[in-house]
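Chain and residue survey
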Amino acid sequence: MTDCDTLLVVGSNFPYAQFLPEFDQARAVQIDIDPSMLGLRYPFEVNLAGDAQATLAALLPRLKRKKHGAWRKKIEKDTARWWDVMERRAAVEADPINPEYVVHSLDALLPDDVILTADSGSAANWYARHLRIRGGMRGSLSGTLATMGPGVPYAIGAKFAHPDRPALAIVGDGAMQMNGMAELVTAAKYRHEWQDPRLIVAVLNNRDLNQVTWEMRAMSGAPQFLPSQAIPDVPYADFARSIGLGGVRVEKPEQVEAAWRQALAADRPFVIDFRTDPAVPPIPPHATREQAEAVASALVKGDSDRGDVVKQGIKAKVQEFLPGHRHQEKDPGSGQDR
Ligand SMILES: Cc1ncc(C[n+]2csc(CCOP(=O)(O)OP(=O)(O)O)c2C)c(N)n1
Ligand SMILES: [Mg+2]
């Protein structure tokens, strides 16, 4: 998107303006059913208030097919490379479990009719990067306000709307402690009303409010502030079992896939407590140079996770530059946002 010459935004309140093209680079059109969303993020040449399907159908006959699809080929190549990098990042060892591996290994196991949710936190990153949402699948998260806490309630809502489909929530331990555990009681109360009994809650138990720990490192160069960021380890699976649900704690990478399979085969809502490593960085894939420098400065200022963070961050980032795969065309030092 950063490199495009034409930008078409359809039904999206895309809030990350720093990833949009430069103002004089692209000609842009926005379509939204809610007129108050129009023109918020970019100087769109044409703002169209209307239903996405009807508006696009009216637009299509006016488009001419381009002869050479160089742009499309580049996107296809970049996308193939992206999935290759995701696989490598998931394979990076961590202590004890790499959260990217947890979500990456779910991708191939997802039922065709699953309804997914992700909570706000590092889970949202892994959900967006590692899962391929196919055909009949649906996925939701708190896309506008990024509020913590919707993961389990959204999945319960999905079970009421579609009791015949499995629902699966990926939730941070902070969000579980806020409201997710209490909402398991709701699931225990209503589970017998659901034809398909499966409601899977995967907890990324990193004992940290990790997304914000990393944002503080990246935005302000602040070292990890334990009094606000560290949270207790809670036996989420034991709690689930104590109220009649299923549950398992996973402490080794070798157990991850079996745990997903067990949850997907369960006859009741099921909690998987994954012990994941807070040193795996959920920073944006195109972190700016300033953000990278801020992380470095946070570590210099005495971050408690310093050693692990440097080790994991380098191991994850290096996957993008391994031999045998196309390197980034731009010099990482000179290009924007790299
Ligand atoms: C209600 C609410 N409070 C605080 C925040 C800021 N915030 C965003 S993500 C996050 C940390 C989430 O921690 P956790 O659920 O453990 O997920 P992790 O990032 O550790 O995987 C916080 C505090 C928020 N988005 N919403
Ligand atoms: Mg956490």
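Here the structure is a predicted model, which is why all the values come from computation and not from measurement. (Residues numbered from 1 in each chain as written. Chains lettered and ligands numbered in written order. Predicted model: local features only at pLDDT ≥ 70, side-chain atom pairs only at ≥ 80, totals over all residues. Heavy atoms only, no water.)

Focus on the sheet that holds strand β1 (residues 6-10)
Counted only if it meets this: The rule for pairing is simple: two strands pair if DSSP sees at least two bridges between them. Numbering of helices and strands runs from the N terminus, with a helix taken as a DSSP run of H or I at least four residues long and a strand as a DSSP run of E at least two residues long. For helices, the axis comes from a line fit to the C-alpha atoms of the stretch in contact; other axes are also lines fit to C-alpha atoms, and the angle between any two N-to-C directions lies between 0 and 180 degrees.
Taken in spatial order, the three strands make up an open sheet running β1-β2-β3, and their pairing is parallel. The sheet is open, and its two borders are formed by β1 and β3 (46-49), each paired with just one other strand. Averaged over neighbouring strand pairs, the angle between their axes works out to 10° when direction is ignored.

Topic: the side chain of E100
For clarity, the cut-off: By definition in these notes, contact holds between two residues if any of their heavy atoms fall within 4.5 Å.
You can see E100 is positioned in helix α3 (residues 99-107). When near neighbours in sequence (up to four residues on either side) are disregarded, E100 contacts R89, A90, W126, H130 and V280.

Observations concerning unusual backbone geometry
How we decide: Relative accessible area decides the class of each residue, using a 1.4 Å probe on protein chains only: under 20% of the type maximum gives buried, over 50% gives exposed, and in between gives partly exposed.
Cis geometry marks the peptide bond from D95 to P96; its omega dihedral reads -5°. Considering the arrangement of structural elements, one finds P96 in the loop between α2 (70-90) and α3. One non-glycine residue, A146, adopts positive backbone phi at about 55°. As for its position among the elements, A146 is in the loop between β5 (138-140) and α5 (151-161). For R207, which is not glycine, the phi dihedral falls at a positive 55°. As for its placement among the helices and strands, R207 is situated in the loop between β7 (199-205) and α7 (210-220). Residue R207 is classed as partly exposed on the basis of its relative accessible area of 34%.

Brief notes about the coordination of the magnesium ion (ligand 2)
Ideal geometry at a metal centre: 109.5 degrees between donors when four sit tetrahedrally, and 90 or 180 degrees when six sit octahedrally. Keep this limit in mind: Each metal site lists N, O and S donors within 2.8 Å (3.2 Å for Na, K and Ca). With water left out of the atoms, a site can look as if it is missing ligands.
At the metal site, the magnesium ion (ligand 2) is ligated by D173 (OD), N206 (OD1) and D208 (O), and these contacts range over 2.0 to 2.1 Å. Within one chain, the residues donating to the magnesium ion (ligand 2) are spaced in sequence as D-x32-N-x1-D. Of the two residues, D173 is situated in helix α6 (residues 173-190) and D208 in the loop between β7 and α7; the sequence distance between them amounts to 35 residues. Each of the two residues, D173 as well as D208, counts as buried.

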